[in-house]
Amino acid sequence: MLFIVVLAVCGTLLFFGRNQPVTLSRWPGHGTSDRPVPTIGAVAVPAADPALLHIVVDDGLYSNERGELDAGVRRAYAYASARFGGTLNAPVTVAIVQDSGCALSGIAYTDVRTLQVQTCNSVASGRAIAILAHEYIHQLQHDRYGSRHLSADLILSEGMATWAAGEYWLGDHADFRSYVRAQRDGGVFYPLATHYAGRSIGEMNALYYQWASFVEFLMSVYGREMFDQVYITGAGDPGSAAYASVYGKDLTTLEQEWIAWLGA
Ligand SMILES: [Zn+2]
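Below or above, wherever it landed, is the structure these notes cover. Since the model is a prediction, treat every value here as computed from it, not as a measurement.

1. Here we look at helix H2 (residues 125-145)
- Taking 1.5 Å of rise per residue, 21 residues should cover 30 Å, and H2 covers 30 Å from first to last C-alpha, within 8% of that figure.
- Positive phi shows up at Gly146, right after H2, with a value of about 70°.

Encoded structure:
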């Protein structure tokens, strides 16, 4: 079977402890935090259809917390789906697999409906679930936008996947605007159309957060309908979507608006 790797870059995201400074993710510590959900409009987390998720965990991995892991995997889907604003068209396989090098990463094979998180026992399961929350969104994107998702502008596909993973990625921040404002105040800020290729994990992480806040900006200021329209116009590279034809403004103009929206 031919596996087309969709958005394989998810695979190199790594995260650090919850008390790290703003240049890297700060984690709530566990994927089942009860803190209020920061988003555009409230998100109620419904119970997921258990038949939608086929969960496979490697032998020996998180073996003493399988019940909690299962609940966390299902809860992350319910949360991500509600925040994304759509549901899976069909079941997916969620594979939690042992990484021999003990690196935490995720990948979405959306064409074959398989989401995989590589982790190990020394990585808290809540961190693996946080990665999975992002990967769920890639499958939801495929289900909403069809094959056009496969060529989406990375700013929009990765930005949306990060934004919609919401509280799993925000730590103590209320939203991505405040997160990126703090990140920028710490001296980390890139042009939106920056490719992550060849960059460090920290730089890539920072870009994902910027893209998430740009998506937050586009959806809150211009609405979901226009976002859906621009999403399907991309050609892969960051900045490749037809912003001007959808918004009447090119990416440079929108980026300046976003920077102003971020505030001082
Ligand atoms: Zn991704």
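2. Description of the nonpolar core
- Grouped together as the largest cluster of nonpolar side chains are 67 residues, with contacts concentrated most on Ala76, Ala80, Leu132, Ala133, Tyr136, Ile137 and Ala165.
- At ten residues, the largest contribution of residues to this core is made by helix H6 (residues 201-222).

3. Considering the sheet that holds strand S4 (residues 114-119)
- Strand order in the open sheet formed by four strands is S1-S2-S4-S3, with mixed pairing between adjacent strands. If you trace the sheet from one side to the other, it starts and ends with strand S1 (53-57) and strand S3 (105-109), each paired once. Each strand axis lies, on average, 15° off the axis of its neighbour in the sheet, ignoring direction.
- Where S1 and strand S2 (residues 92-98) come together, five bridges link them in parallel fashion. Counterpart to Leu53 in the pairing with S2 is Val92.
- Together, S1 and S2 form the strand contacts of helix H1 (residues 66-84), whose direction differs from that of S1 by roughly 140°.
- Against the sheet, H2 touches S2, S3 and S4, its axis set at about 160° to S4.

4. Comments concerning H1
- A rise of 1.5 Å per residue sets the reference length of H1, with its 19 residues, at 27 Å; its end C-alpha atoms lie 27 Å apart and thus fit the reference within 8%.
- Regarding H1, the residues found buried are Leu69, Gly72, Val73, Ala76, Tyr77, Ala78, Tyr79, Ala80, Ser81, Ala82, Arg83 and Phe84.
- Turning to H1, the residues buried within the fold contact S1, S2, H2, helix H3 (154-164) and helix H4 (167-170).
- Phi for Gly85, located one or two positions after H1, is positive at around 90°.

5. Points about unusual backbone geometry
- For Tyr62, which is not glycine, the phi dihedral falls at a positive 50°.
- Mapped onto the elements of the fold, Tyr62 is located in the loop between S1 and H1.
- Exposure remark for Tyr62: the 21 C-beta atoms within 10 Å place this residue in the buried category.
- Positive phi outside glycine occurs at Arg113, with the angle close to 55°.
- Inspection of the secondary structure puts Arg113 in the loop between S3 and S4.

So, how was this worked out
Sequence order as written defines the numbering, with residues in each chain counted from 1. Confidence filtering applies because this is a predicted model: local features only for residues at pLDDT of at least 70, side-chain atom pairs given and counted only at 80 or more, and all residues used for totals across whole chains, interfaces and linings. Helix numbers and strand numbers start at the N terminus; a helix is a DSSP run of H or I with at least 4 residues, a strand a run of E with at least 2. Residue count minus one, scaled by 1.5 Å, sets the expected span of a helix. In plain words, the nonpolar core is the set of buried Ala, Val, Leu, Ile, Met, Phe, Trp, Tyr and Cys residues that C-beta atoms within 7 Å link up. Three exposure classes are used, all based on how many other C-beta atoms lie within 10 Å of a residue's own C-beta (placed from the backbone): buried at 20 or more, exposed at 12 or fewer, and partly exposed between those limits. Being paired, for any two strands, means DSSP has found at least two bridges between them. Angular values range over 0 to 180 degrees, each being the angle between N-to-C directions of two axes fitted as lines to C-alpha atoms, with helices fitted over their stretch in contact. Contact between residues is assigned whenever the C-beta positions, reconstructed from backbone atoms, fall within 7 Å.

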